[in-house]
Amino acid sequence: MRRVVRGFWGPRPEPAEALAGRWKRTLDGLTELLPEAAPTGGAAGAGAWQQVHGSGPATGLAADEGALLDALREAQTAQDWSDLTGTALRLVHTGGPGWQTEISGLAGGAPEFLLQSLVVTLHAPDGAEVPEAGILAVLARVWEPDFGDVSDNDVLDALEDDAGFSVGDPVVGRAGYLSPRRAALVPDSLKAAREELPGGGVLLRIADPGASEEVVTAYERLREVGALDPLPRPMDRAVL
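These numbers were taken from a predicted model, which means no experiment stands behind them. (Residues numbered from 1 in each chain as written. Predicted model: local features only at pLDDT ≥ 70, side-chain atom pairs only at ≥ 80, totals over all residues. Heavy atoms only, no water.)

Caption draft 1: A look at the sheet that holds strand E6 (residues 116–123). Spatial ordering of the open sheet is given by E3-E2-E4-E5-E6-E1-E7-E8-E10-E9, a layout of 10 strands whose pairing is antiparallel. The sheet is open, and its two edges are formed by strand E3 (59–61) and strand E9 (193–196), each paired on a single side. The sheet shows a mean angle of 20° between the axes of neighbouring strands, direction not considered. The sheet contact formed by strand E5 (residues 100–107) and E6 spans seven bridges and is antiparallel. Paired with Ser104 across the strands is Val119, a residue of E6. Across the sheet, helix H1 (residues 16–33) lies against strand E2 (49–51), strand E4 (87–94), E5 and E6, angled at about 155° from E5, the strand it touches most. Across the sheet, helix H3 (residues 132–143) is in contact with strand E1 (2–9), E5, E6, strand E7 (147–151), strand E8 (175–178), E9 and strand E10 (202–205); its angle to E1 comes to roughly 25°. (Pairing = 2+ DSSP bridges. Helix = DSSP H or I, 4+ residues; strand = E, 2+ residues; numbered from the N terminus. Axes fitted to C-alpha atoms, helices over the stretch in contact; angles between N-to-C directions. Contact = heavy atoms within 4.5 Å.)

Here it is, written out as C-alpha cells:
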C-alpha cells in the first residue's frame with residue numbers, strides 16, 4: 001500500500017548546515033520507526049540511500065550529516081538555484097521485500113508564494129503495520145511545519161470530490177498536524193485522538209485506512225473554524 005506523509009510551511013531562511021541537521025534527524029527517526037524499511041545492509045552505511053538528481057543516474061549517499069551537507073551544498077551550486085526558493089533534496093531506498101521509501105524536501109528558502117515542504121512516500125506490503133502518525137510526528141518535531149497530513153490517493157480524491165479541497169490548501173488526512181495557532185482553533189467536538197507536541201502543535205489521529213468519509217468530515221469541521229486557513233500571500237511567516 002502506498003501512503004504519503006507530508007509537512008508544509010512558509011518562508012524560513014536556513015543555512016545548509018541547519019538543513020543537514022534536520023535531514024539527519026529525519027532519517028534517524030524513520031529508521032527507528034521502520035527498521036524493516038531500512039536499506040539493505042544497514043541504514044547508516046555508505047550508499048544506504050540513493051540521491052535522485054535532476055539529470056543523470058542516482059548516486060549513493062551515506063546517512064550522515066557530513067554527506068547530507070555536501071549534497072545540499074552541491075544542490076546550491078546549480079545554475080537555477082535560488083536562496084529564495086530553497087534547497088531541494090530527494091532520497092530513495094528499497095528496504096525489505098515490498099518496502100520502498102522516497103523522501104523529497106524543499107527547505108531553507110523565503111518564497112512568497114511557494115510552500116516549503118518535506119514529503120515521505122512509503123510503499124509497504126499489504127497488511128503491514130505502518131506507524132503513520134508516528135512518521136508525521138517525526139516530521140513535525142524535526143521540521144516544525146505549519147500543517148501536515150497522512151494521505152493516500154483515496155483520501156485525497158475524497159477531499160477533492162466531496163469537500164472542495166485544492167492542492168496547496170492546508171489539509172489533514174487520516175492523521176494531521178497543526179501548528180500552535182491552528183491547534184488552538186481545534187474544536188472540542190472534533191472526533192480525533194490528540195497528542196500535544198513540543199512547541200504547542202497538535203497531532204490528530206483522525207481515521208483508520210479506508211475511512212475516507214471520516215477524514216472529509218474532520219477536514220470540513222477544521223476548515224469551518226479557521227484551523228485550515230491558508231497562509232496570507234505574499235507569505236511573510238513560516239506558520240499561521
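Back to the write-up after that little detour.
Caption draft 2: Looking closely at helix H2 (residues 65–75). Among the residues of H2, those classed as buried are Ala67, Leu68, Leu69, Ala71 and Leu72. The secondary structure elements touched by the buried residues of H2 are H1, E2, E3 and E4. Measuring from the side-chain oxygen of the N-cap residue of H2 to the backbone nitrogen of Gly66 gives 3.1 Å; that N-cap residue is Asp64. (Buried < 20%, exposed > 50% of the residue type's maximum accessible area, 1.4 Å probe, protein only. Polar contact = N/O pair within 3.5 Å; in protein donor to acceptor, adjacent residues only side chain to side chain.)

Caption draft 3: How the structure looks around the confidence of the model for the protein. Averaged over every residue, the pLDDT of the protein is 92; the share at 70 or more is 96%. Counted against residues more than four places away or in other chains, residues 41–47, with its pLDDT under 50, gives 13 contacts. (pLDDT = per-residue confidence, 0-100.)

Caption draft 4: Representation of unusual backbone geometry. Between Arg233 and Pro234 the backbone carries a cis peptide bond, its omega angle lying at -5°. Turning to its location among the elements, Pro234 is positioned in the segment after helix H6 (212–224). Positive phi is not limited to glycine here, since Glu144 has a value of about 50°. Positionally, Glu144 belongs in the loop between H3 and E7. Take Glu144: its relative accessible area is 43%, and that puts it in the partly exposed class.

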